[in-house]
Every structure is written in C-alpha cells, then in structure tokens.
Amino acid sequence: METRAIEIAAGRAAQMVWLLEHPPLYTAGTSANPADLIESRFPVYASGRGGQMTYHGPGQRVAYVMIDLKRRGQDVRRYVATLEEWIIRTLSAFNVCGERREDRIGVWVRRPEKGDGYEDKIAAIGIRVKQWVTLHGMAVNVDPDLSHFSGIVPCGVSDQRFGVTSLRDLGIPASMPGVDLILRREFENLFGQTTDQIVGSTENISPSTHSKRSASIPSR
C-alpha cells in the first residue's frame, strides 16, 4: 500500500481500491492506548493509520482506498465524510440504517432492544494521507466472529452502551460477494467509475493479508 501510494503521488500508477479479508489480528492506530489491549488473543500490528485499536478478521470486508486528493479536492474532512456516506449507502441497500456520530468514529446502528441509548458499531474508519494520497480506509462487519473484539477496547470506546455488530448479527444473511457488488456500485456513485484488476500474490506484500481483488479508479 505504501509503495502504491508513492507511485500514485508521482503519477506513475492508477488510483486503486483493495478489497480484503485479514486473518484474525488487531491493529493499532497512531492514537492507540496500550491499555486498550485487554487480551493478546491475536497478533497486534502498528498500522500507521489514524485512530486507536481495532480488530480485523474473516467475515469482515476491509477496503483500502488509495486515491489522490490533489485531483479531487484537498479536503480530508470531506474525504472521511464521503467514506462514511459510502458505508451508509451500502448498509441502506440491506435495509440497515447506519448513522454518523460526532463524538465517535465509524458508522453506528441503534439497538433499542438492548436498552435506552444503546448503539453498536458496524463499520470502522481509519485513514492516513501521505503526499495527498490516501491510505488504509474502512472495514464493514459482514459476518465476523464478534467475540474476537472482546480482546480489545474497540476504537477506545469503553461505554457499555456501545458495542459492535454485523450484518449477520442484525439478521441480514448477506454474502461477501453480495456486499462487494453494493460497495462497488455506491463507491462509483461517489468517487467515479472503476475498472477491475485482479491482485496477484506478488502484490500481496503482507503475509498477514488475504487479497481478494482491486479496482482501479480513473483520474478526475
């Protein structure tokens, strides 16, 4: 991802989105608090992205978005808001109402059946911007093992009213290919047309990453 971002910044490579599933692991952002690691159930990686501690694993769709903000407006806040909108529109296609919160990063769903004021995070966002090229991105919980989140304080949110959920946990039996179709459709509505590019093993730099596919994004 770092190499690709450098190439994009230099104008030698197309902007790109990688869609991934990781094996079970925890990643620590630049604001991570070591105390938020409750139990070292899985490897912990310092990711370099913004944010705190989070979990990635099978059943979670991770999207690493590498686009050049110099070509799209050098506005990081707007970019993050657009990532949130991308997730919200995708969830809406599955009749799930995802919402933003001013005091909490990510996309949340209300859980009134759990109690007054209860909400669960269904998607996380963590980015980095280098030479105005974006790195990292977001993760949507499709059908991960939610118990794996118990080894950390996810994103530093310790209030018992705020947990984690997934499409499966909400009673939505969505498949990963089905989610990918909607993700791509809504991404194109927000960012522009994409083209397919299968990622081979030589591009899969990290041994802890299972690459699925990627999409190139024509410059604007």
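What this report covers is the structure whose coordinates are included nearby. Chains are numbered independently. Their residues run from 1 in the order of the written sequence. Owing to the predicted nature of the model, reporting of local features is limited to residues with pLDDT of at least 70; listing and counting of side-chain atom pairs is limited to 80 or more, with chain, interface and lining totals taken over all residues. Hydrogen atoms and water are omitted, and side-chain values are computed over all heavy atoms in the structure.

## A word on the pairing of strand β8 (residues 119-130)
Note the threshold: Summary of the burial criterion: residues with accessible area below 20% of their type's maximum are buried, those above 50% are exposed, and those between are partly exposed, where the area comes from a 1.4 Å probe applied to protein chains only. The numbering of helices and of strands both runs from the N terminus, where a helix is a DSSP run of H or I of at least 4 residues and a strand a run of E of at least 2. DSSP bridges decide pairing: two strands pair if at least two such bridges lie between them.
Most of β8 sits inside the fold, with nine of its 12 residues counted as buried. For strand β7 (residues 104-110) and β8, the ladder comprises four bridges, and the chain directions are antiparallel. Each bridged residue has a counterpart across the sheet, and for Arg110 the counterpart in β8 is Glu119. As paired strands, β8 and strand β10 (residues 162-164) are joined by three bridges and run parallel to one another. Residue pairing for β10: Lys121 is matched across the bridge by Val164. Inspection of the sheet shows β8 paired to strand β9 (residues 133-141) by eight bridges, in the antiparallel sense. The partner of Ile127 across the bridge, within β9, is His136. Count of turn residues in the β8/β9 antiparallel hairpin: two residues, of which Gln131 carries a positive phi of about 55°.

## What about the pattern of salt bridges?
Our working definition: Salt bridge, as used here, is a side-chain nitrogen of Lys or Arg placed within 4 Å of a carboxyl oxygen of Asp or Glu.
In total, this model carries 23 salt bridges according to the counting rule given. Between Arg101 and Glu119 there is a salt bridge whose closest N-O contact spans 2.9 Å. In this pair, Arg101 sits in strand β6 (residues 99-101) while Glu119 sits in strand β8, placing the two residues 18 residues apart along the sequence. An identical accessibility class is assigned to Arg101 and Glu119; each is buried. Between Arg184 and Glu188 there is a salt bridge, with its nearest N and O atoms 3.7 Å apart. One end of the pair is Arg184 and the other is Glu188, both in helix α3 (residues 176-191) and four residues apart, which spans about a single turn.

Take it as geometry only, folks, not as evidence of what the structure does.
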